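Residue strings, one per chain:
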Amino acid sequence: MTLAQLRALVAVAEHGGFTAAADHTGMSQPAVSRAIATLERELGAALFVRHRDGIALTEAGQAALARAREALRHFDLIRPDVAAAAGQITGELRLASLPSATGTLIAKLLRAFSDRYPQVRVRLFEGVDDDIRAWLHRGAAEVGVVTLPAPGLHTVHLSTHDMVAVLPAGHPLSTSPAITLADLADRPFILTTAGCRPLIMGAALAAQVQLDVAFEAGGPAAILEMVAAGLGVSIVPALGLPADLGAVVTRPLEPAMTRSLALAVPSLTECAPTARAFLDQLTAFTL
């Protein structure tokens, strides 16, 4: 069993095929196929099932994939761990962020981090909460911005900010000093599918309010467009909202509803030196 075989296994699983895996590993497609075939012979089990629409992991393949990711992660940490022990932070930091946090919170932190550790190359990914948690757990990202609570992850608090009601301009509630969940109960509601969803639904449950969920959408940008089109009302984080909302207005909520964000790693004791340094940078930085 070789590292090349394990990298081929991970690449085929993550990119959905041998040709795509070859494109991402720098191996030829026949080399990827040979690596997987040899690994299957050595392990004595099929790792993938081939069908007309592509490939899928077998149960054995899923078990092998989890161990392969773990083995590769530990192997890839050898060089940066040795460099860190010698007082140098080098290598790559794969950072996953929520779009609303990237420009408002992460950009300043990244600037300070890059000034302090110029030899670290940063790769930034953006996605919703579920994406980021999945990337963290499978090792695709070392650090991620997540909505609290985040069970199973080590977190360092990043920011707490208000949630606001968003309504079409000219809506009967658009001039109200504050909006309650009860005010929104009998109006078409656009519910996020991202990390704020449990927060909104939990607040509605606590207030004994039944929201009329007419639509669901991923991020604030899509929700704002739908509200502007008159499809309904919603609740989104105030963080990262554009200065010009066009045909949308925001109103404070009563009682106030807040969202807390944190930087997260799967494990503080096993994370890469670059990830640990990034967390340390947050504790020394005032956003």
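Just so we're clear, the structure is a prediction, and the values are computed from it rather than from any experiment.

Another aspect to go through is the overall build of the protein. Counting its regular elements, the protein contains eleven helices and eleven strands. Principal axes of the C-alpha set define a box for the protein whose edges measure 70 × 50 × 30 Å. Put simply, the protein has 287 residues, and 41% of those count as buried. Element-wise, carbon and sulfur atoms account for 54% of the exposed surface of the protein, whose accessible area totals about 14300 Å². Positive and negative side-chain charges of the protein, numbering 22 and 26 respectively, have mean locations separated by a distance of 7 Å.

Our focus in this paragraph is the UniProt feature "domain: HTH lysR-type" (unreviewed entry) in the protein. With numbering aligned to this structure, UniProt lists the feature "domain: HTH lysR-type" (unreviewed entry) at residues 1-58. As annotated, residues 1-58 comprises 62% helix and 14% strand, and the C-alpha atoms at either end are separated by 19 Å.

As a further point, take the environment of H51. With respect to the helices and strands, H51 occurs in strand β1 (residues 48-51). Taking the C-alpha atoms as reference points, H51 and P188, separated by 137 residues in sequence, lie 43 Å from one another.

What follows concerns the environment of L224. When you line up the elements, L224 lands in helix α10 (residues 220-228). With relative accessibility at 12%, the residue L224 sits in the buried group. Taking the C-alpha atoms as reference points, L224 and D183, separated by 41 residues in sequence, lie 19 Å from one another. Every residue in contact with L224, bar those within four places of it in the chain, is listed here: V166, L241, P242, L245 and V248.

Right, let's get into the nonpolar core. Counting residues in hydrophobic clusters, the biggest one holds 35 residues, and the most contacted among them are V143, V145, L158, L261, L263 and F278. Among the elements of the structure, β3 (91-97), α6 (99-116), α7 (129-138), β5 (143-147), β6 (154-168), β11 (258-265) and α11 (273-283) are those that each provide at least two residues to this core. Per element, the largest residue contribution to this core is six residues, and it comes from α6. For V145, the contacting residues outside a window of four places in its chain are A96, S97, L98, A101, I106, I132, L158, L261, A262 and L263. By size, the runner-up hydrophobic cluster in this structure holds 19 residues, among which are L6, L9, A21 and A68.

Here we come to the pairing of strand β2 (residues 54-57). Note: β1 against β2, four bridges, orientation antiparallel. Residue pairing in the sheet places H51 in a bridge with G54 of β2. The turn joining β1 and β2, which pair antiparallel and follow one another in sequence, is formed by two residues.

So, about α6. Under the 1.5 Å per step criterion, the end-to-end length of α6 is 24 Å for 18 residues, consistent within 8% with the ideal 26 Å. The largest bend along α6 measures about 50 degrees and falls at I106. By the burial criterion, the buried members of α6 are S100, A101, T102, L105, I106, L109, L110, A112 and F113. Where α6 is buried, its residues touch β3, β4 (120-126), β5, β6, β11 and α11.

Right, let's talk about the packing of helix α1 (residues 3-15) against helix α3 (residues 29-43) for a bit. At a minimum axis distance of 9 Å, the contact between α1 and α3 shows a crossing angle of 110 degrees. Considered as vectors, α1 and α3 are oriented roughly perpendicular to each other. Facing α1, whose interface residues are Q5, A8, L9 and V12, α3 presents V32, A35, I36, T38, L39 and E42. Residue classes in the contact of α1 with α3 are distributed as seven nonpolar, two polar and one charged.

Before going further, it helps to spend a moment on the packing of aromatic side chains. Enumeration according to the criterion identifies four aromatic pairs in this entry. Between the aromatic rings of F113 and F278, the centroid separation amounts to 5.2 Å while the plane-to-plane angle is 80 degrees, which identifies the pairing as edge-to-face. You can see F113 sitting in helix α6 and its partner F278 sitting in helix α11, a full 165 residues away along the chain. Residues F113 and F278 agree in their burial class; the two are buried. Ring geometry for F125 and W135: centres 5.9 Å apart, planes at 50 degrees, overall tilted. You can see F125 sitting in strand β4 and its partner W135 sitting in helix α7, a full ten residues away along the chain. Under the relative-accessibility criterion, W135 is labelled buried at 17%. An aromatic cluster is present here, built from F113, Y117 and F278 joined pairwise through their rings.

So, how was this worked out
- Residues numbered from 1 in each chain as written.
- Predicted model: local features only at pLDDT ≥ 70, side-chain atom pairs only at ≥ 80, totals over all residues.
- Heavy atoms only, no water.
- Helix = DSSP H or I, 4+ residues; strand = E, 2+ residues; numbered from the N terminus.
- Buried < 20%, exposed > 50% of the residue type's maximum accessible area, 1.4 Å probe, protein only.
- Areas by Shrake-Rupley, 256 points an atom, 1.4 Å probe, with all protein chains shown as cover.
- Lys, Arg positive; Asp, Glu negative; His and termini not counted.
- Charge placed at Lys NZ, Arg CZ, Asp CG, Glu CD.
- UniProt positions renumbered as here; feature names shortened; annotations may be inferred.
- Contact = heavy atoms within 4.5 Å.
- Core = buried A, V, L, I, M, F, W, Y, C linked by side-chain atoms within 4.5 Å.
- Pairing = 2+ DSSP bridges.
- Expected span 1.5 Å × (residues − 1).
- Bend = angle between axes of the 7 residues up to and from the residue.
- Axes fitted to C-alpha atoms, helices over the stretch in contact; angles between N-to-C directions.
- Parallel < 35°, antiparallel > 145°, perpendicular 65-115°, else oblique.
- Nonpolar A, V, L, I, M, F, W, Y, C, P; charged D, E, K, R; others polar.
- Phe/Tyr/Trp six-rings, centres within 6.5 Å; stacked < 30°, edge-to-face > 60°.

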